[in-house]
Amino acid sequence: MHTSWTNPPQHRTSATVHIAEPGGQTYTITITARRDGGQLVASFTPGIQADGKLCARYQGSRRTACVQIIDRT
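Reference entry: report on the structure contained in this document. (Residues numbered from 1 in each chain as written. Predicted model: local features only at pLDDT ≥ 70, side-chain atom pairs only at ≥ 80, totals over all residues. Heavy atoms only, no water.)

### Quick word on the environment of Pro46
Phase 1: Counting through the fold element by element, Pro46 comes out in the loop between β4 (39-43) and β5 (52-58).
Phase 2: For the pair Pro46 and Met1, spaced 45 residues apart in the sequence, the C-alpha separation amounts to 7.4 Å.
Phase 3: Not counting residues within four places of it along the chain, the set of residues in contact with Pro46 comprises Met1, Glu21 and Leu54. (Helix = DSSP H or I, 4+ residues; strand = E, 2+ residues; numbered from the N terminus. Contact = heavy atoms within 4.5 Å.)

### Considering the packing of aromatic side chains
Aromatic ring pairs are defined here through the distance separating the ring centres and the angle between the ring planes.
Phase 1: What the rule picks out here adds up to one aromatic pair.
Phase 2: On the basis of an interplanar angle of 50° and a centroid distance of 5.8 Å, the ring pair of Trp5 and Tyr58 is categorised as tilted. Placement of the pair is Trp5 in strand β1 (residues 2-5) and Tyr58 in strand β5, with a sequence separation of 53 residues. Across this residue pair, the class does not change: Trp5 and Tyr58 are buried. (Phe/Tyr/Trp six-rings, centres within 6.5 Å; stacked < 30°, edge-to-face > 60°. Buried < 20%, exposed > 50% of the residue type's maximum accessible area, 1.4 Å probe, protein only.)

### Topic: the side chain of Ser61
Phase 1: Tracing the chain through its elements places Ser61 in the loop between β5 and β6 (64-69).
Phase 2: For Ser61, a relative accessible area of 17% translates into the label buried.

### Concerning the nonpolar core
Phase 1: Formed by Trp5, Ala15, Val17, Ile19, Ile31, Ala33, Leu40, Ala42, Phe44, Leu54, Ala56 and Tyr58, the largest nonpolar core amounts to 12 residues.
Phase 2: Looking at this core, the elements with two or more residues in it are β2 (14-20), β3 (28-36), β4 and β5.
Phase 3: Every residue in contact with Ala15, bar those within four places of it in the chain, is listed here: Trp5, Ile31, Thr32, Ala33, Leu40, Tyr58 and Gln59. (Core = buried A, V, L, I, M, F, W, Y, C linked by side-chain atoms within 4.5 Å.)

### Some points on the pairing of β5
Phase 1: Along β5, five of the seven residues are buried, which leaves the element largely enclosed by surrounding structure.
Phase 2: Relative to β5, β2 runs antiparallel, the two being bridged by four bridges. Paired with Val17 across the bridge in β5 is Tyr58.
Phase 3: The sheet contact formed by β5 and β6 spans six bridges and is antiparallel. Residue pairing for β6: Arg57 is matched across the bridge by Thr64.
Phase 4: Between the end of β5 and the start of β6, which pair antiparallel, lie five residues, with Gly60 showing a positive phi angle near 100°. (Pairing = 2+ DSSP bridges.)

Without other data, these values stay purely geometric and don't point to any function.
This is how it looks when you write it as structure tokens:
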């Protein structure tokens, strides 16, 4: 999973990204994003996921981005 914050404040050189996994887990995985040009980017490799939403939210931003995971096996 790759995430980016395309318009962070210019003084921000890094940010914490909270990753919420589907399947009923109540924990949040925290990774750190780094500045790449005008945006902050982060990558995360999830394990096997249950159906549901995999979401990312940058600390300091009010927005959350999610992708719907569908088990097609």
